[in-house]
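Single-letter residue listing:
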Amino acid sequence: MNTSEGAAENSPELPALCTHEILSASDLFYVHFDERGRSVTLGFSRAHGTEGFEFYLRFPDVRDVRVRGWGAPGRKDVHVERAPDGTVQVSASSDGSSLRFRAADATLSRTRDFASAAQGPCP
């Protein structure tokens, strides 16, 4: 991950896809907790017409995990922010459910373009 000019080495920039606008306008369809690496991977997808884009964010060295209920895959209110102590704070919530945790960092682990189904009624 690149650091911005003049930024402290322990405060690298978050991936460009980590903005609230992008994450909350995408479907959160995948949540994977890996106890071996104490990591969480979140998968998001976006579709516009017949074009789709999927991306996965990986958060290593996760701690302070809180889960309350969990709804179906879909749009969530998602925030990923760098805290003053250098950790990454993550929250994803929708009606009746929430996920929160802190992690050492955030990386974009995979992207994929795909053809999505056309919107509208079937003939």
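Provided above is the structure to which this section pertains.
Anyway, here's the lowdown on the structure attached to this text. In this text, all values refer to a predicted model and were calculated from it rather than measured experimentally. For every chain, the first residue of the written sequence is number 1, and numbering continues from 1 along that sequence. Local features are withheld for residues below a pLDDT of 70 in this predicted model, meaning they are given only at 70 or higher, and side-chain atom pairs are given and counted only at 80 or more; totals for whole chains, interfaces and linings count all residues. The basis for the side-chain values is all heavy atoms of the structure; hydrogens and waters are excluded.

**Some thoughts on the sheet that holds strand β1 (residues 27-34)**
The cut-off we apply is this: For two strands to count as paired, DSSP must find a minimum of two bridges between them. Secondary structure elements follow DSSP: runs of H or I of four or more residues count as helices, runs of E of two or more count as strands, with numbering from the N terminus.
What the five strands build is an open sheet, ordered β5-β1-β2-β3-β9; its pairing is antiparallel. Where the open sheet ends on each side, the last strands, each with one partner, are β5 (74-75) and β9 (107-115). Relative to strand β3 (residues 51-59), strand β2 (residues 39-48) runs antiparallel, the two being bridged by nine bridges. Opposite G43, over in β3, you have Y56 as the bridge partner.

**Observations regarding the pattern of salt bridges**
Two side chains with opposite charge may pair up if their charged atoms get near one another. Worth spelling out the cut-off: By convention in these notes, a salt bridge is any Lys or Arg side-chain nitrogen within 4 Å of a carboxyl oxygen on Asp or Glu. Residue exposure (1.4 Å probe, protein chains only): buried if accessible area is under 20% of the type maximum, exposed if over 50%, otherwise partly exposed.
Using the criterion set out here, one finds nine salt bridges in the structure. R36 is the salt-bridge partner of D34, the closest N and O atoms lying 3.1 Å from each other. When its relative accessible area of 16% is taken as the criterion, D34 is described as buried. In this structure, D85 and R102 form a salt bridge, with 3.4 Å as the shortest nitrogen-oxygen distance. Of this pair, D85 sits in the loop between β6 (77-82) and β7 (88-94) while R102 sits in strand β8 (residues 97-103), and the two are 17 residues apart along the sequence. The class of R102 is partly exposed, set by a relative accessible area of 23%. One continuous salt-bridge network, built from bridges that share partners, spans R38, D61 and R63.

**Notes on the packing of aromatic side chains**
Let me state the cut-off plainly: A pair of Phe, Tyr and Trp rings is counted when the ring centres sit within 6.5 Å of each other, with Trp represented by its six-membered ring. The angle between the planes then sorts it: under 30 degrees is stacked, over 60 is edge-to-face, the rest tilted. Whether a charge lies above a ring is judged from NZ of Lys or CZ of Arg, which has to be within 6 Å of the ring centre and within 35 degrees of the ring normal.
Applying the stated criterion across every chain yields a total of six aromatic pairs. Geometrically, the ring pair formed by F44 and F55 is stacked, given 5.2 Å between the ring centres and 15° between the ring planes. Of this pair, F44 sits in strand β2 while F55 sits in strand β3, and the two are 11 residues apart along the sequence. Of the two residues, F44 and F55, neither departs from the other in class, the shared state being buried. Through a chain of ring-to-ring contacts, three or more aromatic side chains come together here, namely F29, Y30 and Y56. Positioned over the ring face of W70 is K76, at 4.9 Å from the centre of the ring.

**Looking at a nonpolar patch on the surface**
This is how the line gets drawn: Distance thresholds for patches are 9 Å for like charges and 5 Å for nonpolar side chains (Val, Leu, Ile, Met, Phe, Trp, Tyr), applied to residues having over 30% relative accessible area and no salt bridge. Only the protein chains shown count as cover for residues, with accessible areas throughout obtained via the Shrake-Rupley method and a probe of 1.4 Å.
Taken together, the side chains of V31, F33, V65, V67 and W70 define a hydrophobic patch exposed on the protein surface, amounting to about 410 Å² of accessible area. Listed by contribution, the elements that provide at least two residues to the nonpolar patch are β1 and β4 (63-68). Residue position: V31 is located in strand β1.

**So, the sheet that holds β4**
The pairing of strands in a sheet comes from backbone hydrogen bonds and takes either a parallel or an antiparallel form. The line we're drawing: For helices, the fitted line uses only the C-alpha atoms of the stretch in contact; every axis is such a line through C-alpha atoms, and the angle between N-to-C directions lies from 0 to 180 degrees.
Strand order across the open sheet formed by four strands is β4-β8-β7-β6, with antiparallel pairing between neighbours. Of all the strands in the sheet, the pair left with one neighbour each is β4 and β6. Adjacent strand axes in the sheet meet at a mean angle of 5°, parallel and antiparallel pairs treated alike. Pairing of β4 with β8 involves four bridges; the strand directions are antiparallel. What sits directly across from R66, in β8, is R100.

**Section: the side chain of S26**
Put simply, the rule reads: By the criterion applied in these results, polar contacts are pairs of N or O atoms within 3.5 Å in which, for protein atoms, one can donate a hydrogen and the other can accept it, and in which residues neighboring in sequence qualify only through two side-chain atoms. Any pair of residues with heavy atoms lying within 4.5 Å of one another is described as a contacting pair.
Structurally, the position occupied by S26 is in the loop between α1 (20-24) and β1. For S26, a relative accessible area of 1% gives the class buried. For S26, the side chain forms a polar contact with the main-chain oxygen of I22, separated by 2.7 Å. If sequence neighbours within four positions are ignored, S26 has contacts with F44, S45, R46, F55, G74, R75 and K76.

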